[in-house]
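Chain by chain, the residues run as shown.
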Amino acid sequence: NMSKGQQGLLGGVVYLAISVGGPFAGYSFKNFHQKKVLGYSLMVNNTLLFLLALCPDGWAISSWLFIGLRGLLGLTQCFLCVYSPIWIDEFSPSGRRTSWMSFIQAAVPIGIMG
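Residues numbered from 1 in each chain as written. Predicted model: local features only at pLDDT ≥ 70, side-chain atom pairs only at ≥ 80, totals over all residues. Heavy atoms only, no water.

**Quick look at the overall build of the chain**
Part 1 of the argument: When helices and strands are counted, the chain shows four helices and zero strands.
Part 2 of the argument: Put simply, the chain runs from its N terminus to its C terminus through helices and strands in the order α-α-α-α.
Part 3 of the argument: Here the chain holds 114 residues, and the buried ones make up 29% of them.
Part 4 of the argument: Put simply, of all contacts in the chain between residues at least 6 apart along the chain, 70% involve residues at least 24 apart. (Helix = DSSP H or I, 4+ residues; strand = E, 2+ residues; numbered from the N terminus. Buried < 20%, exposed > 50% of the residue type's maximum accessible area, 1.4 Å probe, protein only. Contact = heavy atoms within 4.5 Å.)

Quick look at the structure:
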């Protein structure tokens with residue numbers, strides 16, 4: 001059973017983590033190979049999702065463990081949120097950039113909330 005404060009934190013911690021992780025993602029993309037940065041972030045993201053699925057229910061720390069894992073997931077998701085507009089700008093057809101960018105910008109909050 002989560003308190004209302006914990007429920008609010010659970011909903012907002014992903015956005016906070018994406019905001020905090022953005023500068024770190026930018027630094028990583030600037031100083032390391034982009035494919036490796038994305039690959040490692042996706043591997044860590046999948047591992048965290050697996051741990052989230054195994055998160056115990058009913059323990060005294062269950063709520064805080066769930067909130068912490070959600071925050072760490074937000075940190076791993078920020079790499080894709082930072083890189084996807086750059087990728088679209090570089091690789092999309094010039095007449096379709098606006099459409100592609102609108103789709104990716106709509107997909108980020110839908111993916112976080114979904």
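**Comments concerning the state of the cysteines**
Part 1 of the argument: Evaluated as defined, the whole model comprises zero disulfides.
Part 2 of the argument: C78 forms no disulfide, and the closest cysteine sulfur to it belongs to C81, at a distance of 7.2 Å.
Part 3 of the argument: Its relative accessible area of 1% is what places C78 among the buried residues. (Disulfide = S-S within 2.5 Å.)

**Structural notes on the confidence of the model for the chain**
Part 1 of the argument: With 97% of its residues at a pLDDT of at least 70, the chain reaches an overall mean of 90.
Part 2 of the argument: The secondary-structure element of the chain with the lowest mean pLDDT is helix α4 (residues 97-113), recorded at 82, while helix α2 (residues 34-53) shows the highest, at 95. (pLDDT = per-residue confidence, 0-100.)

**Observations regarding helix α3 (residues 62-91)**
Part 1 of the argument: Spanning 30 residues, α3 covers 43 Å between terminal C-alpha atoms, matching the ideal 44 Å at 1.5 Å per step.
Part 2 of the argument: The largest bend along α3 measures about 30 degrees and falls at Y83, with the proline P85 one to four residues further on. (Expected span 1.5 Å × (residues − 1). Bend = angle between axes of the 7 residues up to and from the residue.)

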